[in-house]
Amino acid sequence: MRRHEVGDTPMDRDAEYGWEVARPLGGSSLDGVRMAGFRDRVAAGLDMRVIPQPAVIVIIGLGGNPVTVESATGHRPMSSFVASLSPGPARIRGEHVECVEVCLSPRAAHALLGVSPRELHGSVTGLEDLWGRPERRLREQLTDATTWQERLALTDEFLTKRAAGAPPMSPEVAAAWDTIVARRGRIRVGDLAAACGWSRKRLWSRFSAQIGLTPKRAAMLVRFDHAAQALRAGESASDVALACGYADQPHLHRDVLALAGCTPGALAGRTTSAG
């Protein structure tokens, strides 16, 4: 069994590992939405560390093989699930996995989830708990479909209907998020508040309600995401700490441990092995 990671566009690199990967020929109809279909074609099994990233990950399972979500709250089988922006250390394990993965920007998540991102409580949540009967119907349609392009088109249609009439994210919150991303997390909350003409308290409240994280935590996540990509690309922890704006290497170590539940070396794959 080989490890993969949610938050590392986990199965993009996986044709060589025995994963069948399919992407929509025309992309998604919605801004901030990316999707793909995955199937474990050699029955190698899945052992997947959940890595936080600046996107909400939705996994829609096909067929009758639920995965097991292991987190601080215990073990839970799920056919489909949502990993919030900062879900805390968790692992996903499963056999004969076949699924559609949807990556949502915070703006798209705000429109499509049907709940405030804050209500996800920084966790991995069962998708049926959020979408109820429509989720079950979609999963049945995807399972019955005969091609990946049909499945991806059904998913796109479902999401487009959910987005119709959804309340938009406030322009100030959207601008604050875009600034955090553009600055790679290296910005002060006071500067964000001043830029949108709000008090720090108002920004903190509105941003948390619509993004699901405080502005400070969001900046920490975006900075971590760039650090994680650099670590997995083989850069040294000391170089990554300097390039990504950490005070020092121990600061990087603390953030990686807090967000990913592992050391920078483990995140880089140096301690990851195939079994």
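Keep in mind it's a predicted model, so treat the numbers as computed, not measured.

Visitor: Help me out: how do you make sense of the overall build of the protein in this one?
Guide: From N to C terminus, the protein includes 11 helices and 11 strands. Computed over the C-alpha atoms, the radius of gyration of the protein is 19 Å, within 12% of the 19 Å expected from 2.2 N^0.38 for a compact globule of 275 residues. For the protein, the spread of C-alpha atoms along the principal axes amounts to about 50 × 45 × 35 Å. Here the contacts in the protein between residues at least 6 apart in sequence split such that 70% fall between residues at least 24 apart. When the accessible area of the protein is evaluated, it comes to approximately 12600 Å², of which 49% is carbon and sulfur surface. Across the protein, the 34 positively charged side chains and the 30 negatively charged ones have centroids separated by 7 Å.

Visitor: What should I look at first to understand the packing of aromatic side chains in this one?
Guide: The description of two aromatic rings rests on the distance between their centres and on the angle between their planes. Under the counting rule described, the total for this entry stands at one aromatic pair. Taking NZ or CZ as reference, R151 lies 4.7 Å from the ring centre of W148, over its face. Note that R223 overlies the ring of Y246, its terminal NZ or CZ placed 4.4 Å from the centroid.

Visitor: Please explain the nonpolar core as it appears in this structure.
Guide: Across soluble globular proteins, nonpolar side chains show a tendency to be buried alongside one another. Grouped together as the largest cluster of nonpolar side chains are 68 residues, with contacts concentrated most on V33, L104, L159, L203, F207 and F224. The element contributing the most residues to this core is helix α8 (residues 215-232), with 10 residues. What L104 contacts, discounting residues up to four positions off in sequence, is G32, V33, A55, V56, V58, A109, L112 and L113.

Visitor: I tried to follow the sheet that holds strand β3 (residues 33-40) on my own but got confused; where do I start?
Guide: Either a parallel or an antiparallel arrangement is found when strands of a sheet pair, and the pairing is made through backbone hydrogen bonds. If you walk across this open sheet you meet the six strands as β2-β3-β10-β5-β8-β11, and the pairing is antiparallel. Taken across any chain shown, the strands that pair with only one partner, and hence form the sheet edges, are β2 (19-22) and β11 (124-126). Averaged over all adjacent pairs, the angle separating strand axes in this sheet is 20°, with direction ignored. Note that β2 and β3 share four bridges and pair antiparallel. When the sheet's bridge partners are listed, A22 is paired in β3 with G37.

Cut-off values and rules
Residues numbered from 1 in each chain as written. Predicted model: local features only at pLDDT ≥ 70, side-chain atom pairs only at ≥ 80, totals over all residues. Heavy atoms only, no water. Helix = DSSP H or I, 4+ residues; strand = E, 2+ residues; numbered from the N terminus. Rg over C-alpha atoms; globule rule 2.2 N^0.38 Å. Contact = heavy atoms within 4.5 Å. Areas by Shrake-Rupley, 256 points an atom, 1.4 Å probe, with all protein chains shown as cover. Lys, Arg positive; Asp, Glu negative; His and termini not counted. Charge placed at Lys NZ, Arg CZ, Asp CG, Glu CD. Phe/Tyr/Trp six-rings, centres within 6.5 Å; stacked < 30°, edge-to-face > 60°. Lys NZ or Arg CZ within 6 Å of the ring centre and 35° of its normal. Core = buried A, V, L, I, M, F, W, Y, C linked by side-chain atoms within 4.5 Å. Buried < 20%, exposed > 50% of the residue type's maximum accessible area, 1.4 Å probe, protein only. Pairing = 2+ DSSP bridges. Axes fitted to C-alpha atoms, helices over the stretch in contact; angles between N-to-C directions.

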